[in-house]
Amino acid sequence: MSTAADQIIHALRAGHEELAALVRDLKDDDLRQPSGASEWQVSQVLSHLGSGAEIGLAGLNASIEGTPAPDGDFNRGVWQRWDAMSPEEHAAGFLASNERLVEAYEALDAETRQSLRINLGFLPEPVDVATAARFRLSEFALHQWDAEVAFNPFAAVTPEAVPLLLDQIGGMLSWTSRPTELAGREATLLVRLRDPERTFGLRLGEPIMLTDAPEQPDGELSLPAEAWLRLVVGRLGTRYTPDGVQVNGPVTLEDLRRVFVGF
């Protein structure tokens, strides 16, 4: 029977294979193209993913070996080294570094996937493999889109990742949203997702939060699930909005784009 950890590790592999296939064919000029992350070119996205994979692998190995987790000095050293690389080195480094991390997750046997606890450094307690891998999947899938959309305006979040990431969106809203953009307005929307289907409430106010599906909503937001993931992290600009995104009620889609500034 497939566990949550198994599914997430499978999605990490699927995402890596998709992005690696693109990266292997990129030319020097391609790496310097603007990405979906407003302040980064494609090579900088790959640098972020590659350095993150290196740090993640060090933490995973430390947990397996029972040694102290890498500290802030280790992380800063990794980032400084990657920052000094050329765009071409970012691409090659990403391919190698992320492959090593995915392989390390895949190498964990069934018992270890259940029992191992990993110190991520930014949480108060170590977490299980599924939680650690899900954090990586969230980072990877959305930055994968950043790289891919530079060459395909119709790019979408990898399908294998979408259902696995929906349940953690609520915990991200406090730092991906800007309630002040509402200028004091408050509303609760009924959110209807497709592929996969989900229904819940979105409370717009201070704070912005997810709720159970409201019986009498002020409006409704209907869209594909992968577009919802991109909306709440500031990646659903007009150019990248798929067909079938509909908003009615006291707020517009442009209001929501201003509220969800992402990372």
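The coordinates are above.
These notes cover the structure that comes with them. (Residues numbered from 1 in each chain as written. Predicted model: local features only at pLDDT ≥ 70, side-chain atom pairs only at ≥ 80, totals over all residues. Heavy atoms only, no water.)

### Things to note about the pattern of salt bridges
All told, the structure shown has 17 salt bridges when counted by the stated rule. Among the salt bridges present, the one from R192 reaches E220, with a minimum N-O distance of 3.1 Å. Taken together, the residues R192 in strand β3 (residues 187-194) and E220 in strand β6 (residues 219-224) connect sequence positions 28 residues apart. When its relative accessible area of 38% is taken as the criterion, R192 is described as partly exposed. Residue class for E220 comes out partly exposed when judged on its relative accessible area of 25%. When the shortest N-O distance is used, the salt bridge between R230 and E226 registers 2.9 Å. Here R230 and its partner E226 are both found in helix α10 (residues 225-231), 4 residues apart, which amounts to about one turn of the helix. There is no split in this pair, since R230 and E226 are both buried. (Salt bridge = Lys/Arg side-chain N within 4 Å of Asp/Glu carboxyl O. Helix = DSSP H or I, 4+ residues; strand = E, 2+ residues; numbered from the N terminus. Buried < 20%, exposed > 50% of the residue type's maximum accessible area, 1.4 Å probe, protein only.)

### Some words on the sheet that holds β6
The 5 strands lie next to each other as β5-β4-β3-β6-β7, forming an open sheet whose pairing is mixed. If you trace the sheet from one side to the other, it starts and ends with β5 (209-211) and β7 (246-248), each paired once. Each neighbouring strand pair of the sheet contributes to a mean axis angle of 25 degrees, computed without reference to strand direction. Where β3 lies against β6, 6 bridges are found, and the strand directions are parallel. Its bridge partner lying in β6, R192 is registered against S222. (Pairing = 2+ DSSP bridges. Axes fitted to C-alpha atoms, helices over the stretch in contact; angles between N-to-C directions.)

### A short note on the environment of A187
One can find A187 in strand β3. For A187, a relative accessible area of 5% gives the class buried. Between the C-alpha atom of A187 and that of R113, which follows or precedes it by 74 residues, the distance is 42 Å. With sequence-adjacent residues up to four places away left out, A187 is seen in contact with L202, R203, L204, D218 and P250. (Contact = heavy atoms within 4.5 Å.)

### Some details on the side chain of N75
Mapped onto the elements of the fold, N75 is located in helix α4 (residues 72-83). For N75, a relative accessible area of 18% corresponds to the buried category. Contacts of N75, omitting those with residues within four sequence positions, involve I55 and P70.

### Regarding the layout of surface pockets
Put simply, the largest pocket is a space of about 1000 Å³. For the largest pocket, the lining is made up of 34 residues, of which H48, G52, I55, F122 and E139 are closest to its centre. Take the lining of the largest pocket: its biggest share by element is 9 residues, from helix α3 (residues 42-65). Each residue belonging to the lining of the largest pocket can be placed in one class, and the counts come to 17 nonpolar, 14 polar and 3 charged. (1 Å grid on protein atoms, 1.4 Å probe; cavity = no way out; pocket = protein on both sides within 12 Å on 5 of 7 lines; lining within 4 Å. Points joined across faces, edges and corners; volume = space filled by probe spheres on them. Nonpolar A, V, L, I, M, F, W, Y, C, P; charged D, E, K, R; others polar.)

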